[in-house]
Number of protein chains: 2
Amino acid sequence: MSTNLSRSDAIYGSLRRAILEQALKPGTKLPEDSIGDTFGVSRTSARNALLRLASDGLVEIKPNRGAAVAMPTLEEAVEVFALRRCLEREVIERLCKRMPRDGIDALISHVREEERALKASSPRSIRLAGEFHILLAELTGAKLLIDFISQVVSRSSLILARFGRPHSAECGIDEHIQLIEALKRQDLARATEIMDHHLHAVEDRAKADDDREGPDISEILSRYMAKSD
Amino acid sequence: MSTNLSRSDAIYGSLRRAILEQALKPGTKLPEDSIGDTFGVSRTSARNALLRLASDGLVEIKPNRGAAVAMPTLEEAVEVFALRRCLEREVIERLCKRMPRDGIDALISHVREEERALKASSPRSIRLAGEFHILLAELTGAKLLIDFISQVVSRSSLILARFGRPHSAECGIDEHIQLIEALKRQDLARATEIMDHHLHAVEDRAKADDDREGPDISEILSRYMAKSD
DNA sequence: GATGGCATAATTGCATTCAATTTTGTCTTG
DNA sequence: CAAGACAAAATTGAATGCAATTATGCCATC
């Protein structure tokens, strides 16, 4: 039972958590060799983990040039949040129609955990904020929807790692609470309103801080090479 | 230039096309060995291709038990079409707001190709029908949206392979044409109406024919083992 | 003749090894 | 001293080999 999951699964999970908690920042190179060494497995397993992370959009693999933590552009960020609004509206709609028995309780206890992690200023809080949205999706019971939401939420974490202020808690916890209230009352209009506002707020927080440039060398330098003053 | 893409990419593409054109039916086992042999590459490349197909939802991999073409359940089918309606509405909305210059032309010429393939009763027609929807997504220019739509469209092809009538052309071409007309007029209401109707039609076509059972042995036999009359 | 256990075969998971590509450093040459 | 060429180092892409798991066939036993 100790090892129910394969080695590349384990590495995949570890890397994923490291990225989502912003321990590995966008742009960080991820050579197969070092990953294999640090986890005590062969390159093969490391490589497979990287391939899976790539299909999640969390790392970028350039042929013959290795893998690195993905660096979403501002353009991609806008796309991600647009899709999030589209998908999460669907979630809210469904949950207003039918919320599972102890769904509200689960949401509340999750927010409690978020608060605790935030007070302890644990890096977990970053991940937990995202997982609130995944929990919402899970309450719909639609597996594919959960999948898709997970993807956009993960990418959002990356976006905030790149553009947001350092270790910002991604989501306002108050808004999470408000949303739960609206869902409890099955108030679709209000719930979607909160969700839209919530996502816009997160998106703006990202855009506001785009001064901090990531390490996309050529893109940055292209602005400095034109004139030499 | 002949081999700009890696071997597992090539295999991935071939298998993918084979599945989408229903040459490989749901449930077909895909042993790494035979795939490697038939394509003249090692198991490693075959394995990687299978891993990628699995993350697309086109094949299912059970640990230590190998890969097989995925067999979506009727429940999953309902989910897929629900998500398609959600995502493709978004596409239609955007295209009504802003359609690229030669977008309409591209759509028309694609439908032409669909008609040709249908007349020649080529297996390509199955794939082309799906690719019409992907082309729509491409016209929005949103990469992530293209990605997501591709996923649900691919799964739809599988669903029709499993439940639809043999080699049904998945999509009514007339409806594609009507949709183009509505988009040309930027008639959002009509366009979404057509799209919704279109997707419901495809979904119903799947549900109608669910008598033809796929090879999910235990599920089928569970209904036969209870009473012995 | 049916049932359970054991041995064999088939298949996957992973490590190791080899080949190919890219990058970096050095040296020559103008 | 700058620029290009070449060689060495590092890193990825892919193939092979080995151990572990699962499936299949056979045989003994009841």
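Residues numbered from 1 in each chain as written. Chains lettered and ligands numbered in written order. Predicted model: local features only at pLDDT ≥ 70, side-chain atom pairs only at ≥ 80, totals over all residues.

1. Considerations on the overall build of chain A
(1) Moving on: Helices and strands together make up the secondary structure of chain A, namely ten helices and three strands.
(2) Moving on: Helices and strands in chain A line up, N terminus first, as α-β-α-α-β-β-α-α-α-α-α-α-α.
(3) Moving on: Sorting the 229 residues of chain A into buried and exposed places 37% on the buried side.
(4) Moving on: Counted over contacts in chain A with a minimum sequence separation of 6, partners at least 24 positions apart contribute 72%. (Helix = DSSP H or I, 4+ residues; strand = E, 2+ residues; numbered from the N terminus. Buried ≥ 20, exposed ≤ 12 C-beta atoms within 10 Å, placed from the backbone. Contact = placed C-beta atoms within 7 Å.)

2. Side note on the interface of chain B and chain A
(1) Moving on: With 16 residues of chain B at the contact, the number on the chain A side is 16 residues.
(2) Moving on: For the side of chain B that touches chain A, the secondary structure elements donating two or more residues are helix H3 (43–55), helix H4 (74–97) and helix H7 (143–163) of chain B.
(3) Moving on: In terms of residue count, the dominant contributor to the side of chain B that touches chain A is H4(B) (five residues).
(4) Moving on: A class-by-class count of the residues in the side of chain B that touches chain A yields nine nonpolar, three polar and four charged. (Nonpolar A, V, L, I, M, F, W, Y, C, P; charged D, E, K, R; others polar.)

3. Overview of the protein's contact with DNA strand D
(1) Moving on: Not every one of the 18 residues close to DNA strand D is listed here, only the nearest: Gly66(A), Ser6(B), Arg7(B), Ser42(B) and Asn64(B).
(2) Moving on: Counting only elements with at least two residues in the surface near DNA strand D, the list comes to helix H2 (32–39) and strand S3 (66–69) of chain A together with helix H1 (7–20) and H3 of chain B.
(3) Moving on: The dominant element in the surface near DNA strand D, judged by the number of residues it contributes, is H3(B), at three residues.
(4) Moving on: Across the surface near DNA strand D, the residue classes break down as four nonpolar, nine polar and five charged. (Near = placed C-beta within 6 Å.)

4. Brief notes about the protein's contact with DNA strand C
(1) Moving on: The environment of DNA strand C is made up of 18 residues, and the closest members are Ser6(A), Arg7(A), Ser42(A), Thr44(A) and Gly66(B).
(2) Moving on: Elements supplying a minimum of two residues to the surface near DNA strand C: helix H1 (7–20) and helix H3 (43–55) of chain A together with helix H2 (32–39) and strand S3 (66–69) of chain B.
(3) Moving on: The dominant element in the surface near DNA strand C, judged by the number of residues it contributes, is H3(A), at three residues.
(4) Moving on: Each residue belonging to the surface near DNA strand C can be placed in one class, and the counts come to four nonpolar, nine polar and five charged.

5. Here's the deal with the relation of the copies chain B and chain A
(1) Moving on: When chain B is brought onto chain A, the operation consists of a screw motion whose angular component is 180 degrees and whose axial shift is 0.0 Å, with 0.0 Å RMSD remaining. One copy is carried onto the other by what is essentially a two-fold rotation axis.
(2) Moving on: Interface overlap between copies is the fraction of interface residues in one copy that are interface residues in the other; for chain B against chain A it reaches 100%, indicating a shared surface. (Least-squares fit on C-alpha atoms with pLDDT ≥ 70 in both.)

6. So, the sheet that holds strand S2 (residues 59–62) of chain B
Residues and elements named next belong to chain B.
(1) Moving on: Taken in spatial order, the three strands of this open sheet run S1-S3-S2, and their pairing is antiparallel. Among the strands making up the open sheet, the edge pair consists of strand S1 (29–30) and S2.
(2) Moving on: When S1 meets S3, the two strands line up antiparallel, connected through two bridges. From the neighbouring strand, Leu-30 faces S3, where its bridge partner is Ala-67. (Pairing = 2+ DSSP bridges.)

7. Here we look at the pairing of S3(B)
All names here are of chain B.
(1) Moving on: Side-chain alternation along S3 places Ala-67 and Val-69 on a buried face and Gly-66 and Ala-68 on a face that remains uncovered.
(2) Moving on: Bridge count between S2 and S3: four bridges; the pairing is antiparallel. Among the inter-strand pairings, Ile-61 is bridged to a residue of S3, identified as Ala-67.
(3) Moving on: In sequence, S2 turns back onto S3 through a hairpin of three residues, with Asn-64 there showing a positive phi of about 65 degrees.

8. Here's the deal with the UniProt feature "domain: HTH gntR-type" (unreviewed entry) in chain A
(1) Moving on: Under the UniProt annotation, the feature "domain: HTH gntR-type" (unreviewed entry) is placed at residues 5–72 of chain A.
(2) Moving on: Within the segment residues 5–72 of chain A, helix and strand shares are 51% and 15% respectively, and the terminal C-alpha atoms sit 30 Å apart. (UniProt positions renumbered as here; feature names shortened; annotations may be inferred.)

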